[in-house]
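# Structure at a glance
Read off the chains here:
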Amino acid sequence: VQLQASGGGLVQPGGSLRLSCEASGFRFGDYNIGWFRQAPGKEREFVAAIRRFGGSTAYADSVKGRFTISRDNAENSVYLQMNSLNNEDTAVYYCAGSMTNIWSAIARRASYEFWGQGTLVTVSS
């Protein structure tokens, strides 16, 4: 079971980045996929999630209207399009897999069975 996050980097405030999370070793379509982030000295926090068949999405209030999560089950991948980035978006971003049927719990770290390694996003001028 593996999740590989990529696409991080250095971007100026107001810029955009697209993160990718590629899955292998499990039936990707069976899992909800979430993105979390962890800034230096802070706890890991929920960013966005997408339901296993892509029918529903959820976002943290801090990213609503700026970030868009999508998935391509044929490519075993989930994407996070991040626009209008600001300094507070600087963090290591992680993708994770969840089989929960309780969508209202999708923002909880405990809902996720496995995690990928992170990709660093730095927003700075």
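These numbers were taken from a predicted model, which means no experiment stands behind them.

### A few points about the sheet that holds strand 3 (residues 17-24)
In space, the four strands of this open sheet follow the order 1-3-8-7, with antiparallel pairing throughout. Each edge of the open sheet carries a strand with a single partner, namely strand 1 (2-6) and strand 7 (67-72). Taken over all neighbouring pairs, the strand axes of this sheet differ in orientation by 15° on average, direction set aside. One ladder, built from five bridges, connects strand 1 with strand 3; its direction is antiparallel. Its bridge partner being in strand 3, alanine 5 is matched across the sheet by cysteine 21.

### Section: the side chain of serine 111
In this fold, serine 111 is placed in the loop between strand 9 (91-98) and strand 10 (114-115). Its relative accessible area of 11% is what places serine 111 among the buried residues. Every residue in contact with serine 111, bar those within four places of it in the chain, is listed here: Ser98, Met99, Thr100, Ala105 and Ile106.

### Overview of the packing of aromatic side chains
Working definition: an aromatic ring pair is given by the centre-to-centre distance plus the angle between the planes. One pass over the structure, following the stated rule, counts eight aromatic pairs. Consider the rings of tyrosine 112 and tryptophan 115, whose centres lie 5.8 Å apart with planes at 50°: the pair is tilted. Among the residues examined, tryptophan 115 registers a relative accessible area of 29% and is labelled partly exposed. Chaining the aromatic ring pairs together yields one cluster made of Phe26, Phe28, Tyr31 and Phe114. Directly above the ring of tyrosine 94 sits arginine 44, whose terminal nitrogen or CZ lies 3.7 Å from the centroid.

### Focus: the pairing of strand 5 (residues 45-50)
Buried residues dominate strand 5, accounting for five of its six residues. Where strand 4 (residues 32-38) meets strand 5, five bridges bridge the pair, whose relative direction is antiparallel. Paired with tryptophan 35 across the two strands is alanine 48, which belongs to strand 5. Count of turn residues in the strand 4/strand 5 antiparallel hairpin: six residues, of which glycine 41 carries a positive phi of about 75°. The pairing of strand 5 with strand 6 (residues 57-59) spans three bridges and is antiparallel. Within strand 6, the residue paired with alanine 49 across the bridge is alanine 58.

### Brief notes about the pattern of salt bridges
For the structure on display, the rule yields five salt bridges. The closest approach of N and O atoms between arginine 27 and aspartate 30, which form a salt bridge, is 2.9 Å. Assessed through its relative accessible area of 62%, arginine 27 is described here as exposed. When the shortest N-O distance is used, the salt bridge between aspartate 61 and lysine 64 registers 3.3 Å. You'll find aspartate 61 and lysine 64 in the same group, each marked exposed. Connected through shared salt-bridge partners, Arg37, Glu45, Arg66 and Asp89 make up one network.

About the cut-offs
Residues numbered from 1 in each chain as written. Predicted model: local features only at pLDDT ≥ 70, side-chain atom pairs only at ≥ 80, totals over all residues. Heavy atoms only, no water. Pairing = 2+ DSSP bridges. Helix = DSSP H or I, 4+ residues; strand = E, 2+ residues; numbered from the N terminus. Axes fitted to C-alpha atoms, helices over the stretch in contact; angles between N-to-C directions. Buried < 20%, exposed > 50% of the residue type's maximum accessible area, 1.4 Å probe, protein only. Contact = heavy atoms within 4.5 Å. Phe/Tyr/Trp six-rings, centres within 6.5 Å; stacked < 30°, edge-to-face > 60°. Lys NZ or Arg CZ within 6 Å of the ring centre and 35° of its normal. Salt bridge = Lys/Arg side-chain N within 4 Å of Asp/Glu carboxyl O.

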